[in-house]
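Summary of structural features
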Amino acid sequence: MKVLVVTGIKAREIVERELAKASFKVKGKVLVLPLPVAALITPTYAAKKIAREDVEGFDLILLPGTVKGDVGMVGEKLGVPVFKGPRHSSDLADILENLEEIPL
């Protein structure tokens, strides 16, 4: 499974470390948006910024769990399923290990 993990500037190192812990079944890329903290990311802002990236080939996109509101519109705009990840970046590896449980 190929996953795009979106985060803010301050959580970059934690997110990259957690992604590296994921099993061989999960391949991922971290996209750091130009905001200091992930809690400032809105679904509209995420959709706009991620649309500038090449998301072809990704099975899903994980936005920070602190994003407020429905992220479904992000997935509709990008054509890739979008979910909220954990509220705490340090829990990301656990989520990634269980991605196969998510019905896409």
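Please read these numbers as outputs of a predicted model, since none were measured by experiment.

We now examine helix H2 (residues 43-50). Where H2 is concerned, the buried positions are Pro43, Ala46, Ala47, Lys49 and Ile50. As for H2, its buried residues are in contact with strand S1 (2-7), strand S2 (27-32), strand S3 (60-63) and helix H3 (72-78).

So, about the layout of surface pockets. Its boundaries defined by the atoms lining it, the largest pocket holds a volume of some 150 Å³. If you trace the largest pocket, you find 16 residues lining it, with Val15, Pro64, Gly65, Pro86 and Ser89 closest to the centre. Taken together, the elements giving at least two residues each to the lining of the largest pocket come down to S1 and S3. Among the elements that make up the lining of the largest pocket, the one with the highest residue count is S1 (three residues). Among the residues forming the lining of the largest pocket, the class breakdown is nine nonpolar, six polar and one charged.

Moving on, we get to the packing of aromatic side chains. Summed over all chains, the structure comprises zero aromatic pairs. One Lys or Arg, Lys2, reaches over the ring of Phe58 and ends 4.6 Å from the middle of that ring.

Quick look at the pairing of S1 now. The buried fraction of S1 amounts to five of the six residues, a majority that puts the element mostly inside the structure. Looking at chain direction, S1 and S2 are connected through six bridges and run parallel. Of the residues in S2, the one forming a bridge with Leu4 is Lys29. Note that S1 and S3 share three bridges and pair parallel. From the neighbouring strand, Val5 faces S3, where its bridge partner is Leu62.

Formed by 20 residues in total, the largest nonpolar core has its most connected members in Leu4, Val6, Ile41, Ile50, Val55, Ile61 and Leu63. Broken down by secondary-structure element, the contributors of at least two residues to this core are S1, H2, S3 and H3. Residue contributions to this core peak at three residues, all from H2. In terms of nonpolar packing, the next biggest core, distinct from the first, is built from 13 residues, Val3, Val5, Val15 and Leu60 among them.

Each value, and the rule that gives it
Counting from 1, residues in each chain are numbered in the order their sequence is written. This being a predicted model, a pLDDT of at least 70 is required before a residue's local features are given, and a value of 80 or more before pairs of side-chain atoms are given or counted; all residues contribute to the totals for chains, interfaces and linings. Heavy atoms from the whole structure form the basis of all side-chain values; hydrogens and water molecules are not counted. In this scheme, a residue with accessible area under 20% of its type's maximum is buried, one over 50% is exposed, and one in between is partly exposed, where area comes from a 1.4 Å probe on protein chains only. Each helix is a run of DSSP H or I of at least 4 residues and each strand a run of E of at least 2, with the numbering of both proceeding from the N terminus. Contacts were defined at the residue level, with two residues in contact if any of their heavy atoms lie within 4.5 Å. A cavity, in this analysis, means grid points on a 1 Å lattice covering only the protein atoms where a 1.4 Å probe fits yet has no way out; a pocket is instead an open set bounded by protein on both sides within 12 Å along at least five of seven lines, and a residue lines either one if it has an atom within 4 Å of a point. Grid points are joined across faces, edges and corners, and a volume is the space filled by probe spheres set on the points. Lys, Arg, Asp and Glu make up the charged group, whereas Ala, Val, Leu, Ile, Met, Phe, Trp, Tyr, Cys and Pro make up the nonpolar group; the residues left over, Gly among them, are polar. Here a Phe, Tyr or Trp ring, Trp counted by its six-membered ring, pairs with any other such ring whose centre lies within 6.5 Å, and the pair is stacked when the planes are under 30 degrees apart, edge-to-face when over 60, and tilted otherwise. We call a charge positioned over a ring when the NZ of a Lys or the CZ of an Arg lies within 6 Å of the ring centre and within 35 degrees of the ring normal. In this description, strands pair whenever DSSP reports at least two bridges between them. As used here, the term nonpolar core means buried Ala, Val, Leu, Ile, Met, Phe, Trp, Tyr and Cys residues forming a set that is joined through side-chain atoms within 4.5 Å.

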